[in-house]
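Architecture and fold: a report
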Amino acid sequence: MTYADVIIDISHEKVDRDFQYRIPDELEQEIKPGVVVTVPFGKGNTLRKGYVIGVTEKAKYDTSRIKMIQSVSTDDETTESRLIALAAWMKETYGSTMIQALKTVLPVKDKIRAKEKRLIFFCGERQAAEELLEELSGSRFRARERFLRAILEAGRLEYTYASKELGAGASVLDFFEKKGMIRLENQEMYRIPNQADLVKEDCELCLNAEQNVAVKQIFREWKEQEPRPVLLFGVTGSGKTQVYMRLIQQVIQEGKQAIVLIPEIALTYQTVRRFYAMFGDKVSVLNSRLSQGERYDQFKRAKRGEVQVMVGPRSALFTPFSNLGLIVIDEEHESTYKSENTPRYHARETAIQRARMEHANVVMGSATPSLSAYSRAESGEYLLVKLNARYEERPLPQVSIVDLREELKKGNRSVLSMELKASLSETLRKKEQAMLFLNRRGYAGFVSCRACGHVMKCPHCDVSLSEHNGRRLICHYCGYETVKPQVCPSCGSPHIGGFKAGTQQIEKVLEKDFPEARVLRMDFDTTRTKDSYEKILAAFSRHEADILVGTQMIVKGHDFPDVTLVGVIAADLSLNMDDYHCGERTFQLLTQAVGRAGRGVKPGHAVIQTYQPEHYSIRAAATQDYAEFYKEEMGYRLLMDYPPAAHIMTIFGACQDEELLKKAMYYIEAFICRVSPKEELHMIGPAAASVGKVKDVYRQVLHLKNVDMAFLTAVREKLEQYIEINSGFRKIYIQFDMS
């Protein structure tokens, strides 16, 4: 006997409660996750529509109480049913409960009350109304006269305006309603995110020869029986967005919809403005800064087909479009496309799966593709399309690499090198703009020598050691630990320690060295409020500031034609993360940063400050040479069995009891060794997570490597069963990450 877990019509019920039904023998082949079924519900056994979220042979309740599915609604496949099928795929692929996956793909859990406005419509005979107005003129019923005059002129009025501005209270409206002259109606109105400065422009989309070739390549691929995902690899400033627009234009002409994913909320402002200029109010936006009501209304508009293009970060992937034609993933290399919550899905893989299920297409774009995406393009799994030149043949910026070790020898202890100071002075003299970038994200307290640049690394994992209290240096991959040295083990210099600069410190240095400069700062502290991103970027765009200082949010996708100088304060911050991605992240960040300079008619210049000028990531970023970087980095990944050369499954454990957590992770390690041959699996850890304790909850990680993802998935499934039946894990929070 088989059973189906069913959630009842999502528009009426909360998604965190499912019901079990018996599957009739004749329907067994048809029922799978996402299928729409008709089931008896409640005491009266009213027939209701439901969605299958799982199939099992195990009954959760007394079998005599389990009702039977009545039928399968084959003609009633809805947007929700497709998203539920996607949730089932996410559950199996990334490891989570079905409820966790459902809450991800159906993010509007609680029904938000629709916002309504009350309107008053004139519905009487005009001649009779004009005669009544003449009678009321000059009488003591001034409110009646004002109201009747206004509604005769306008035809309809808002209730709030009539009562507050015209003084037409309930008695006045009742008077006209009884005479059959007016009727009152409640109309639903959408909570639209602020779009005051968005303007639809009557402009033709003009592509250059290289862009046209790229579009034709993509259209040819779309005509194939099974079109591949497309990787659009274009240098910074090559016009990838214009290619996206041409593809979306085609999708809209076919009556379909498009989703445009962007990596950061900070990019929403410019991206939406550009798409709105082309497509007008067919475009809407989703991001975490919207209120619950605004998010609810954007989903509703999408579901009703009132918008055709949805722009937003990772969560916009689950926009309930009924006829999806295209998913664009801009800056596909960005780490923000990977969820940090269970299920730890990757938007790229999930987008490809959704497109496959809904017969849509996927286009990914980047000037610095992830190694994972580029290796698949190299193998032919993706179609690789290239844009090799900047738009209008504008030159790439000139790049200088400054060795901070030499600056120290010259007695310069400032966070700004002498060359960067000179370049800033020249930029300000020419009334041009500059951006100073501190790639602080991912900084975990690495220790380096300011004299020679030596970084303290783990001897076993080739990642930097992180500094902890008590002068301890720890590897967050294998748990290796050592004492922080007093002097550099490479050159003997006493100048060894962590890099302490932050955006506020840089802002103060600028105020001191360039008092005439107008400086804007954009980081986590200055972007807490709802419209802060838009306000800062709009102010910089209007030339209300000469220098924009910020973290990585300022260097992604922004297009400021008067920015001619970009300064990277300390390339080593991202280069020495305790993560095997550090070389890739550094190359991507530096290439993106350099690419912000010289996007207009004026030539650009970039200054990269570093203690490791010889590192291949920095050299390749300075010359915008992706091929050189890819060759070097892939050699490293192959040597160390890191993705995409192999796959890693990371098991995260968290618990308030540190000893219980250590014991649980030990049992997990022992179980894996028991069910998997050691020669087929490379295991690292268990060890403390990069942040070992958060809000009194201890955290540990265990890494498993294998070239076969299916092998790791099988290990995870066995482990999930082991954890489920073992009561000792009840107090332990376990999370899986597949990469």
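**As for the overall build of the protein**
- Assigned secondary structure in the protein consists of 22 helices and 30 strands.
- What you see for the protein is a C-alpha radius of gyration of 30 Å, in line with the 27 Å of a compact globule of 739 residues.
- Projected onto the principal axes, the alpha-carbon positions of the protein cover approximately 100 × 80 × 55 Å.
- Taking all 739 residues of the protein together, the buried fraction comes to 55%.
- Taken as a whole, the protein presents about 33,700 Å² of accessible surface, with 47% of it coming from carbon and sulfur.
- Of the side chains in the protein, 103 bear a positive and 99 a negative charge, and the two mean positions are spaced by 4 Å.

**So, the packing of helix α7 (residues 209-222) against helix α8 (residues 240-253)**
- For the pair α7 and α8, interaxial distance at closest approach is 10 Å and the crossing angle is 40 degrees. Accordingly, the angle class assigned to the pair α7 and α8 is oblique. In this structure, the crossing between α7 and α8 has a hand that is right-handed. Contacts between α7 and α8 involve Q211, V215, I218, F219 and W222 from the former and Q242, V243, R246, L247, Q250 and V251 from the latter.
- Its residues assigned to classes, the contact of α7 with α8 comprises 7 nonpolar, 3 polar and 1 charged.

**Quick look at the side chain of T104**
- Examined against the element boundaries, T104 turns out to sit in helix α2 (residues 98-105).
- The class of T104 is buried, set by a relative accessible area of 18%.
- Sequence-distant contacts of T104, defined by excluding residues within four places in its chain, comprise M90, F318, T342, P343 and Y345.

**Things to note about the packing of helix α3 (residues 126-136) against helix α4 (residues 142-154)**
- Following both chains from N to C, one finds α3 and α4 inclined at 150 degrees, their axes separated by 9 Å at the closest point. Taken together, the axis directions place α3 and α4 in an arrangement best described as roughly antiparallel. The two elements α3 and α4 meet at a crossing, and its hand is left-handed. Here α3 contributes R126, A129, E130, L132, L133 and L136 to the contact with α4, which in turn contributes R144, E145, L148, R149 and L152.
- Per-class residue counts for the contact of α3 with α4 are 6 nonpolar, no polar and 5 charged.

**Regarding a negative patch on the surface**
- A surface patch of negative charge is lined by D25, E26, E28 and E57.
- Counting through the fold element by element, E26 comes out in the loop between β2 (19-22) and β3 (36-41).
- Under the relative-accessibility criterion, E26 is labelled exposed at 63%.

The rules behind the values
- Residues numbered from 1 in each chain as written.
- Predicted model: local features only at pLDDT ≥ 70, side-chain atom pairs only at ≥ 80, totals over all residues.
- Heavy atoms only, no water.
- Helix = DSSP H or I, 4+ residues; strand = E, 2+ residues; numbered from the N terminus.
- Rg over C-alpha atoms; globule rule 2.2 N^0.38 Å.
- Buried < 20%, exposed > 50% of the residue type's maximum accessible area, 1.4 Å probe, protein only.
- Areas by Shrake-Rupley, 256 points an atom, 1.4 Å probe, with all protein chains shown as cover.
- Lys, Arg positive; Asp, Glu negative; His and termini not counted.
- Charge placed at Lys NZ, Arg CZ, Asp CG, Glu CD.
- Axes fitted to C-alpha atoms, helices over the stretch in contact; angles between N-to-C directions.
- Parallel < 35°, antiparallel > 145°, perpendicular 65-115°, else oblique.
- Left-handed = near helix turned anticlockwise from the far one by under 90°.
- Contact = heavy atoms within 4.5 Å.
- Nonpolar A, V, L, I, M, F, W, Y, C, P; charged D, E, K, R; others polar.
- Patch = residues over 30% accessible without salt bridge, like charges linked within 9 Å, V, L, I, M, F, W, Y side chains within 5 Å.
- Salt bridge = Lys/Arg side-chain N within 4 Å of Asp/Glu carboxyl O.

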